[in-house]
Amino acid sequence: MSDEHPRMGPGRGRLTGKVVIVTGADSGIGRATARLFAREGAAVACADIRPAELARPGDAPRIDELIARDGAAGQGSGRAVYVEADAGVAAEWTRVIEVTEGEFGRVDVLVNNAGFGIRARLHELSEDDWHAVLRTNLDSVFHGVRAVLPVFDRQGGGVIVNNASSFGLLATDAYPAYCASKAAVVNLTRQLAIDYGPAIRVNCVCPGATLTPRLEERIAASADPAATRARMDDLARSLRRMAAPEEIAYAILFLASDEASFVTGHALTVDGGQTIDA
Ligand SMILES: NC(=O)c1ccc[n+]([C@@H]2O[C@H](COP(=O)([O-])OP(=O)(O)OC[C@H]3O[C@@H](n4cnc5c(N)ncnc54)[C@H](O)[C@@H]3O)[C@@H](O)[C@H]2O)c1
């Protein structure tokens, strides 16, 4: 079977000895990030709302199993634990921290990646839909940061990387809760960098359209999948294609690593040129 991350190279030890929590780690960008971070030497707590025992699409391994397989093949730490948790619920974070510290003894990096959107204009969104998007995309950052702060405090520092979106910088049609929540993540990132520096760096990525299961489903469910795919490709005004999840993961890796030691409060667009369009 072909590798699901063909653009992911061997690790170069950029996260050796680090312990990382990634939310939404079992699919898409979070999955590529968790795997890449393990290849770079980190031990990874893979937090995801998806039940641990559920079969994965196409019989794919769970992310912690994928990381263990990489490790057995000589690729990275091979160290991962799966934590079934809803990142939008404060109480679940107690367990995420307990499991991570229990397994790996510390936390160095938090990647707040879990998120989703609902395509509908504002008057078509139910109140429940609105709150569900805000809870997963924004409340999750609030709860995640609150959960790691005491740990970072004890250890003398840490790094946070949030996954926002190009739609945190630009608007698009029929995506009100998503655009609002992602814009909030961008500015919360800047705000947190002020309050918690110099010990803690806080940055976010703003990916453009990325071919993850979430987007694949949307393309497949559209009236004309070929036209939808072409439209998504064209969002990237310069590179004219969607990103692969591992291309976003590499940007997250940079922000998480010591190579970004003077970068904080930054929103890094990784969008093939989407946001350079007038
Ligand atoms: N795919 C894109 O085009 C794109 C573009 C910009 C930003 N993003 C952002 O990237 C992040 C990941 O998106 P993706 O496309 O990889 O999605 P995805 O649906 O492929 O994966 C998301 C993962 O998060 C998990 N998850 C969902 N809600 C959760 C919760 N409350 N707690 C814990 N885990 C939860 C899901 O089970 C899934 O495993 C999201 O924040 C999304 O907004 C995606």
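Residues numbered from 1 in each chain as written. Predicted model: local features only at pLDDT ≥ 70, side-chain atom pairs only at ≥ 80, totals over all residues.

Draft legend 1. A look at the overall build of the chain. Looking only at helices and strands, one finds eight helices and seven strands in the chain. For 278 residues, the compact-globule estimate of 2.2 N^0.38 gives 19 Å, and the C-alpha radius of gyration of the chain, at 18 Å, lies within 12% of that figure. Its C-alpha atoms give the chain principal-axis dimensions of about 50 × 45 × 35 Å. Counting all 278 residues of the chain, 46% fall into the buried class. Taking the contacts inside the chain whose residues are at least 6 apart along the sequence as the reference set, 74% of them involve residues at least 24 apart. (Helix = DSSP H or I, 4+ residues; strand = E, 2+ residues; numbered from the N terminus. Rg over C-alpha atoms; globule rule 2.2 N^0.38 Å. Buried ≥ 20, exposed ≤ 12 C-beta atoms within 10 Å, placed from the backbone. Contact = placed C-beta atoms within 7 Å.)

Draft legend 2. Highlighting the nonpolar core. Core analysis: the largest hydrophobic core is formed by 66 residues, its most contacted members being Val20, Ala34, Val44, Cys46, Ala47, Val205 and Ile252. If you tally residues by element for this core, the top one is helix H8 (residues 245-256), at seven residues. In this structure, this core is formed jointly by two domains, domain 1 (19-208 + 244-271) and domain 2 (209-242), each of which donates at least three residues. Of all hydrophobic cores here, the second largest spans six residues; its members include Tyr175, Ala177, Tyr178 and Cys179. (Core = buried A, V, L, I, M, F, W, Y, C linked by C-beta atoms within 7 Å. Domains from an automatic or database assignment.)

Draft legend 3. Highlighting the site of the ligand. In the neighbourhood of the ligand, 28 residues make up the surrounding shell, with Gly24, Ser27, Gly28, Gly115 and Thr212 lying closest. For the shell around the ligand, the elements supplying multiple residues, two or more each, are helix H1 (28-39), strand E2 (43-48) and helix H6 (213-221). Classifying every residue of the shell around the ligand gives ten nonpolar, 13 polar and five charged. Mapped onto the domain boundaries, the shell around the ligand takes at least three residues apiece from domain 1 (19-208 + 244-271) and domain 2 (209-242). (Near = placed C-beta within 6 Å. Nonpolar A, V, L, I, M, F, W, Y, C, P; charged D, E, K, R; others polar.)

Draft legend 4. Inspection of the pairing of strand E5 (residues 158-163) at higher detail. In terms of residue burial, E5 counts as a mostly covered element, since six of its six residues are buried. Burial of the side chains of E5 extends over both faces: Gly158, Ile160 and Asn162 are buried on one face and Val159, Val161 and Asn163 on the other. Sheet analysis places strand E4 (residues 109-112) next to E5, joined by four bridges and oriented parallel. Paired with valine 111 across the strands is valine 161, a residue of E5. Here six bridges tie E5 to strand E6 (residues 200-207), and the two strands are oriented parallel to one another. Across the sheet, asparagine 162 pairs through a bridge with cysteine 204, a residue of E6. (Pairing = 2+ DSSP bridges.)

Draft legend 5. Highlighting the domain arrangement of the chain. As assigned here, the chain comprises domain 1 (19-208 + 244-271) and domain 2 (209-242). Taken residue by residue, the interface counts eleven residues in domain 1 and eight residues in domain 2. Elements supplying a minimum of two residues to the side of domain 1 that touches domain 2: H1 and H8. Tallied by class, the residues present in the side of domain 1 that touches domain 2 amount to seven nonpolar, three polar and one charged.

Draft legend 6. Representation of the sheet that holds E6. Taken in spatial order, the seven strands of this open sheet run E3-E2-E1-E4-E5-E6-E7, and their pairing is parallel. A strand with exactly one partner marks an edge of an open sheet, and here the two such strands are strand E3 (80-84) and strand E7 (267-270). In this sheet, adjacent strand axes meet at a mean angle of 20 degrees when their direction is disregarded. Two strands pair when backbone bridges link them, and strand E1 (residues 19-23) and E2 are joined in this way by five bridges, in the parallel orientation. When the sheet's bridge partners are listed, isoleucine 21 is paired in E2 with alanine 45. Those strands touched by H8 are E4, E5, E6 and E7, and its axis lies near 165 degrees from that of E6. (Axes fitted to C-alpha atoms, helices over the stretch in contact; angles between N-to-C directions.)

Draft legend 7. Up close: unusual backbone geometry. Of note, the bond from glycine 197 into proline 198 is cis; its omega dihedral lies within 30 degrees of zero at 0 degrees. Tracing the backbone through its elements, the reader meets proline 198 in the loop between helix H5 (176-196) and E6. The backbone of aspartate 59 shows a phi angle near 60 degrees, a positive value even though the residue is not glycine. Looking at the element boundaries, aspartate 59 is found in the loop between E2 and helix H2 (63-72).

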